[in-house]
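# Chains, contacts and geometry: an overview
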Amino acid sequence: MRRCMICVLAALLLAACAAPAESESQTEGAVIYYLAPEEEARGGDRIRSTRERLPETKSDREEAAAVVERLLAGSSDGVLESPLPEGVELLGLELRDRTAYVDLSDGFRELSGVELSLADYCLTLSLTALDSVRSVVLTAQGRSVGQQPKQVFYERDVLLSDMGDVLQTVEVSLYFLTAGGALAPERRTLSLYEGQTLAESLVAALLEGPLDRELQRAIPEGFAVNYVRVDNGICYVSLPAAALDLLPEEEQMQRMVLWSLADSLYSIESIEEIRLLADGEELEYFGRIPVESISVRPQG
């Protein structure tokens, strides 16, 4: 049933996500994604976008909040509709590591099925159209909405054509920092698509950051990985040399970055060793930390 819902939703969204529905001369304001009235869509694309002028804001967080408020109100010309039920209010919005944490009033819970997914996607597309937002977490009065198939959304989620492309789902542990500076695992179920490997998907999820608000990334913002490859139990992680320049100065924090990566990769049972490379050359040190300290899977 869930797969059918997503397939129907994908058909509704595919063309709608390609470009804003606006005249060429209309280039000012924020791009907001609304719903077209059902009688106008006639079984076609429900999600439509237009540019809306926002009140003057002083910060990225205020700009993101203004986008949500504009979406809740419906389009200024009265043609396009808010995907949220009437009376839903924005209770709070935090912006951290380019993730917008959006807390809505409890009326958000009235939505289910395709209607909930349409609301999720309108919010995600509108917010990720801002340079300051890469992903979105939605809650109602501080609690996750149980019927949502996932709790953190990226623009690319809207563009997935069919969950039938998923080859398998795998549970892994991703390691992030606690408030006390220790590493803690966050269990995550990864979906693997054709052409993807588990190690690649794991590292991508690790770089995107935790879902739990109590955790934070150990790996610096902007840190990149060229590729991840597993061969006969050895995982090769290739970094651009420039990524090493982003490492924190403190030796202990460098160690946490390295352990975050290594402990996460070792949650894949088939990985027995890790090799780090920078621009094709195998690394002996990660900052000031010997790479050999994580090169072999820990015993026990």
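See the structure above.
Before going into details, it helps to say that this report is about the structure given with it. (Residues numbered from 1 in each chain as written. Predicted model: local features only at pLDDT ≥ 70, side-chain atom pairs only at ≥ 80, totals over all residues. Heavy atoms only, no water.)

### Overview of the overall build of the chain
Selection rule: Working definition: helices are DSSP H or I runs of at least four residues, strands are E runs of at least two. Numbering for both runs from the N terminus. Only protein chains enter the accessibility calculation, which uses a 1.4 Å probe; a residue is then buried when its area is under 20% of its type maximum, exposed when over 50%, and partly exposed in between. Exposure was quantified through the Shrake-Rupley algorithm and a 1.4 Å probe, taking into account, for residues, occlusion by the shown protein chains and nothing else.
Tallying secondary structure elements over the chain gives eight helices and 15 strands in all. Looking at the 300 residues of the chain, the share that counts as buried comes to 47%. Looking at the chain as shown, the accessible area adds up to about 15300 Å², and 47% of this sits on carbon and sulfur atoms.

### Overview of the pairing of strand β12 (residues 273-278)
Remember that side chains alternate between the two faces of the sheet whenever the strand is regular. Counted only if it meets this: Two strands qualify as a pair provided that DSSP identifies no fewer than 2 bridges between them.
In the sheet, strand β11 (residues 234-239) pairs with β12 via six bridges, with the strands oriented parallel. Note on β12: the bridge partner recorded for S238 is L277. Once β12 ends, the chain turns through two residues before running back antiparallel as strand β13 (residues 281-282), passing D279 with a positive phi of about 50°.

### Considerations on unusual backbone geometry
Even without glycine at this site, R98 takes up a positive phi of about 65°. Residue position: R98 is located in the loop between β3 (90-96) and β4 (99-104). Its relative accessible area of 36% is what places R98 among the partly exposed residues.

### Concerning the pattern of salt bridges
The line we're drawing: What counts as a salt bridge is simple: a side-chain nitrogen of Lys or Arg found within 4 Å of a carboxyl oxygen of Asp or Glu.
The full count for this structure, using the stated rule, is 12 salt bridges. R187 serves as the salt-bridge partner of E171, at 2.9 Å between the closest nitrogen and oxygen. Taken together, the positions of E171 in strand β8 (residues 166-177) and R187 in strand β9 (residues 183-193) put the pair 16 residues apart, joining distant regions of the chain. Of the charged contacts in the structure, one is a salt bridge between R275 and E273, with a shortest N-O distance of 2.4 Å. A relative accessible area of 24% places E273 in the partly exposed class. The structure contains a network of salt bridges with shared partners spanning D106, R109 and R143.

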